[in-house]
Structure formats: structure tokens, C-alpha cells
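Fold and contact review
For reference, the chains in residue letters:
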Amino acid sequence: MTLTADSRKPPERRLHPLRAEIVRGFAPWTGAAVLLTLGMLLTGTSAQWQGGWAETRSQLHDSMLVIAPLTAAAGCLQGGRERRRRTDELWETAVRGRLARFLASAMPVALWAAAGFTAAAALALLATWPYAQGDRPHLGLLPGDAVLLAACAMAGHVVGRLVAWRPAAPALAMAGYVGLAVPAMASPGAGRHLDAAFPAPVGSYPVWWQPVVMAVWTGGLASAAVLAYAARRRYTALVPLAAAIAAGALLVRTGDGLWHDDPLASRQVCDTSTTPQICVNARYEGLLPQVREALSEVVGRLEGVQNLPVRFEDRPTAPRHGEARLPMLAPLGWSVVRGRLTDPKQYAWEAVAELEGRGDCQSTLDPRVRRADDAVEHYLAPGPHQEYFDRLAAEGSAAERAELTARQRARARLASMGEEERRIWLSAYFATAGSCGARAVPAL
Amino acid sequence: MTAIGLLLYARSRALWPTLAALVGTTGFALWAAHLMDAYLDPSRRVPVFALAPLLAAAVIGTSLYTASDELDRTAVRPWWPRRLVQLLGLSAVAAALLPTAVLGDTLVFGPPAMIRNTLGSTGVTAAAAVLFGARLSWLPAFGYVSAVYLASGGARGPAVTVWAWPMQPGTQTGAWAAALVAFAAGGALYVARGARPEGARA
């Protein structure tokens, strides 16, 4: 028997020893868990963020409240691995230092968690893209959030190394939920600026360095924990700790100055061809044609009528003098879902109610004014619930039936007026818009 | 089965620390309800409703771990009655203790909803113990409930009481059905199969 040379060539490129740690074991499952949890959360809330870049950013950032504790717990579970495998002593014989050995098992979870979040964020942005109505993608908070996840995984790993208790991981997650949620729910204090998962309101943006300083704050704390646990010279932990404290102090000192309002949110995009003009918030400028279409009938029937407001304005604040508030487009998920008006008829009715401007005194209105309002709504844009209320009144008490008859008579009276007569009546009627008294409202 | 056998079983499943942890969970729930001034408005209790049953379910789930799986399988007697008693007993203790943190209003986030959430979370955790092992059993329930916690705020639709069962305030039939199905299915799966064997390598 002869010995033959092995014809197989040795592999050209040797795989990195860390590769197995990254692609095998628990770490990829962390990424999957983060992606799945985020996927579930984002799918459940899709009506409220899909189509708005600012809403998408806020939803992704706010989900940190849930994902960060989960990642810390995953890190904690991974941290107990060497103890469970009883490989601590074997690791002691390795050539590499304690910190390198620590990072070899801790980094994969951190990387996978950040990767899971990045993938979910990319999918969410892709899902928003086809329905976006204006504005631009806001990516500023995403890197800071990814750093937060990595920091949570590392800190959790340290806890897992130190605590030999099976429910330690869920207990850590619970502590994380409480720690992140309490500043968000408690009364506004300076401490909330240190909360990396503090909800980011739509239409509010951090100054450019806030995510960087926040990343130094969270990353610094986690690095200090890691160095204090695993470094050969433990006092080196003081360096990231000092950086974290400096970053924290900067965040607390700057306080409310960290966030500013989006200038785009105060801009209006208007269609000036109609009376009243129709303006939508510049963040949803793509909705203008749909809004105009929904209000076209109302605007058409108001042609030539005097005393109307100059324009519909889409601002969060109260309308200025001579303006009416456009029925709300934001928050998404109610009037607007995925870039479409959900119910144009209802929207037009709401616009008429805004023109009347008597929303604040509905309960104290004189029946005569209420009948006039109802007749105007019926003529301009009957609400989708009108028939239902009429039927309810028809089956009700004698007083309700009498009121229904009076209402129907007023509607018929307005509808039977001649063009010119109605225009004069409507002009007199809209002169009383916004007032709760009965005297000036013209009779029907 | 002798009393000593039962005692040994209880010790092998860390039953006493588990019971202590359940009492601790109740203390946590009481503290959290007090912290949030829940007496002002029942809806402030919502975080307690989501988190306390989760923690109790995680404690129960990790107690399903067996350190001697291979040895267990050589036993002459069937294991399912012991598993059944363990799961039902711990669930009953949790379902009896946790509602004490939210006494008062029973219609909106009251004791019945707390019992429902405890049973549902325990069911999901028990099923996860069979599929992923007892050590990791808390993860699916944590992911699901916390996602639903943030997602169900503005959610609407006919099926919302079913998929968002942990967030329903009162006695919605769909939510109770979902929680009981989760408890029955997860419990049956665990009683029949036991937790997934986990070596020291996990």
C-alpha cells in the first residue's frame, strides 16, 4: 500500500475565528427577535406612520422603549453562557486578554441587535416611501438608537456574567422597561433628557449634535461597565465614565434647547384659486389635490357668498382672524391613512363645521341656530351620520320628532331658495360664524 | 408517589425560590401601581397590567427548567401529572396574588383583566419553553406583549380584541378567548412534551 499525497488543496482563505461566534449560537436569534418584535409593532401601528417621514422616525425611535430592554436581556442571557458551559477556566488559558475574550462573546449580540434594528428601520422607510406626501426622510436619530441597542447588549452581558440566576434576564428586561418608561411618564424634569428612549414628538427635531452626545452618554456608560468588569487595568473605565458624565451634563444643561420645532411644519402650501383658499401643512403637501377634491363641492356651492374666511389653514394652533382651521390631517391614522383621505364626505362635513366655528358652544346653542347650522351642513356637505341621527330622532320621543320635523323644514327652505336669495342668506349667515348668540343668525 | 418524592421534585424545579419570586413580583406590581398614582385613574395601571403578568410568567417559565432531562426520561412513572400540577399550581398562585395590586375598579383594568393577562402570558411562556427551552421561554411573551403595548394605542378593527388581548381593559370576549386558548394550548403542549432539553452548551 502506498501513501498518496492528498490531492485536496488546503482552503485558500482561513475563516476568522470570530466568524463562528457571529453566525452561530444565540446572537443571530437576537437580531431575529429584534426584527420580529419591531415588525409586529410597526405592522400593528402602520396606519399611524406609513406615509409620513416624521411619523416613521418617531415610531422607530419610540419603539426603543421596548427593544432596548429586550436587547439588554438577550445580552444578559449570552453573558451567562460561559458559566453554563463551564468553559470559564478554558478561556483563562487563552492567549488573548480578558477584554478581548469578553468582546468575542459580547460583540455578536450587540452587532446582531443593531443589525436587526437597522433592517427594520430600512423596511419601515421603504414602506413609507410610496405613500410619502412631502417632507423628507429623517434619519438623524437612527444611529444613536443603534448605539443604544449595542450599549444595552454590552451592559446586559456584564450583568449576565455577574449574576448567576436563571430569571436574571427577564428581571433585567423588566428593570429596563421601568427605567426607560418612568422618565417618559413622570412629570417633566431635566432627567428626561438623559432618557435615550424618550419619545420624540412628531414635528420636533433634535439639534444636530444631540444624537452624538446621546450616543456618547449611552455608549460611555456601557463601555465603563465593560472596562470595569473585563479590562486588565480597571481604572481605564474612568475615561468612558468621564465622557458619559460630561455628555450627560451637557444634555441636562441644554435641556429643552435640545429640541426645536420643524420649520416646515409652520409653512403652508395653498391653492389660491378657490374661495376660501385651501392650505395644507407643507409636511403633507401631496394631499392638497385630494383635499381640494373633497372640498370642491362645498367651495362650488359657496361661490359668490360673502363673509367667508379667507382661507383654510392647517396649523396645530388656533386659526387666526379671518381664517378657518382645515379639518385635521395629522395625526395620521384617522383622516389620512397611507396617503389617502379615508372619508372625503366626512372630511367635507368637518370643513363646513369649521366654517361655522361653533364647536365650542354646541351644547348651549339656541335650537334656532342649531337648525340653521344643520340646514347649512345639509346643503353644503351632508355628514355621513346625518341619516342615522334623523332615523334615531324619528323613533324617539315626541319632542325629538317635532325637532326633526322643524329641522327638515329648515333644510327644505334653504334648498328651495333661489340662487341669489340663498347667496344673500348664506352671506348673512356666515357673518355670524363663530358667535354663540342667536340674535344675529338669519331666520330660515 | 411519596411525599419525599414530591418534595424532591419541588426542589429540583426550584419551586421555593419561584414562589418567593412570585411574591416579589406582586410586591413590584403593588409598588408600581402606587408609583403611578393608579387610584386617580384606572388607565394609569396599564403598564402594571402589561409588565407584572409578564414577569410572573417569566418566573414560572424559567422554573420549568430541568437540570436532569436525560435522567428524567428513564423514570418509570409518567411525568405529565407532575408537570400539570406544577404549571397549574404556579399559575393559580400568580393569578391569585397579582390582582391584589389592582383592587378597586373591576370593569376597567381591574382584577379580572389581571388574571386574564397572567393566564395568557403563562400560556405563551409555557409553549415557548417547549419550543425554545425554559431558559429562553420569557422572550416570545416579552416581545409580543411589549409590541402590543405600544401598538394597540390607535389600533382599530374587528380582530383587535383578539390580537391585542393583553391591552383590553375589561371583559372583552375575544381577549378572554385568546388568553384562555393561549393558556390551554401552551399548558397542554408543556404537560405533554415537557420543556425542551437544554444542555450546558445553550
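Computed from a prediction, not measured in an experiment: that's the story for all the values here. (Residues numbered from 1 in each chain as written. Chains lettered and ligands numbered in written order. Predicted model: local features only at pLDDT ≥ 70, side-chain atom pairs only at ≥ 80, totals over all residues.)

**So, the sheet that holds strand β6 (residues 323–325) of chain A**
All names here are of chain A. The strand order across the open sheet built from four strands is β3-β4-β5-β6, with neighbouring strands paired in mixed fashion. Either end of the sheet is taken by a strand with one partner, and the two such strands are β3 (268–271) and β6. Looking at each pair of strands side by side, their axes are set apart by 25° on average, direction ignored. For strand β4 (residues 277–281) and strand β5 (residues 311–313), the ladder comprises two bridges, and the chain directions are parallel. Each bridged residue has a counterpart across the sheet, and for Q277 the counterpart in β5 is R311. Contacts from helix α13 (residues 288–301) reach β3 and β4 within the one sheet, and its direction differs from that of β4 by about 140°. (Pairing = 2+ DSSP bridges. Helix = DSSP H or I, 4+ residues; strand = E, 2+ residues; numbered from the N terminus. Axes fitted to C-alpha atoms, helices over the stretch in contact; angles between N-to-C directions. Contact = placed C-beta atoms within 7 Å.)

**Describing the interface of chain A and chain B**
Across the contact, 26 residues belong to chain A and 26 residues belong to chain B. Its residues assigned to classes, the side of chain A that touches chain B comprises 15 nonpolar, six polar and five charged. (Nonpolar A, V, L, I, M, F, W, Y, C, P; charged D, E, K, R; others polar.)

**Let's talk about the domain arrangement of chain A**
Residues and elements named next belong to chain A. Examined at the domain level, chain A breaks down into domain 1 (17–261) and domain 2 (267–431). Placing the centre of domain 1 and that of domain 2 at their C-alpha centroids yields a distance of 48 Å. At the interface, 12 residues of domain 1 touch 12 residues of domain 2. Here the side of domain 1 that touches domain 2 takes three residues from helix α3 (residues 46–49), the largest share from any one element. Its residues placed into classes, the side of domain 1 that touches domain 2 shows four nonpolar, six polar and two charged. (Domains from an automatic or database assignment.)

**A closer look at the environment of C279 of chain A**
All names here are of chain A. Among the secondary structure elements, C279 is positioned in strand β4. Residue classification places C279 among the buried positions, given that 23 C-beta atoms sit within 10 Å. Those residues in contact with C279 that sit more than four places away from it in its chain are Q268, V269, C270, R311, F312, E313, D314 and L326. (Buried ≥ 20, exposed ≤ 12 C-beta atoms within 10 Å, placed from the backbone.)

**Brief notes about the pairing of β3 of chain A**
Residues and elements named next belong to chain A. Relative to β4, β3 runs antiparallel, the two being bridged by four bridges. Its bridge partner lying in β4, V269 is registered against V280. Counted between consecutive antiparallel strands, the loop separating β3 from β4 contains five residues.

**Describing the environment of L162 of chain A**
Residue and element names in this part refer to chain A. Take L162: it is sitting in helix α9 (residues 142–162). Judged by C-beta crowding, with 13 C-beta atoms within 10 Å, L162 ranks as partly exposed. Linking L162 and G79, residues 83 residues apart in sequence, is a C-alpha distance of 8.3 Å.

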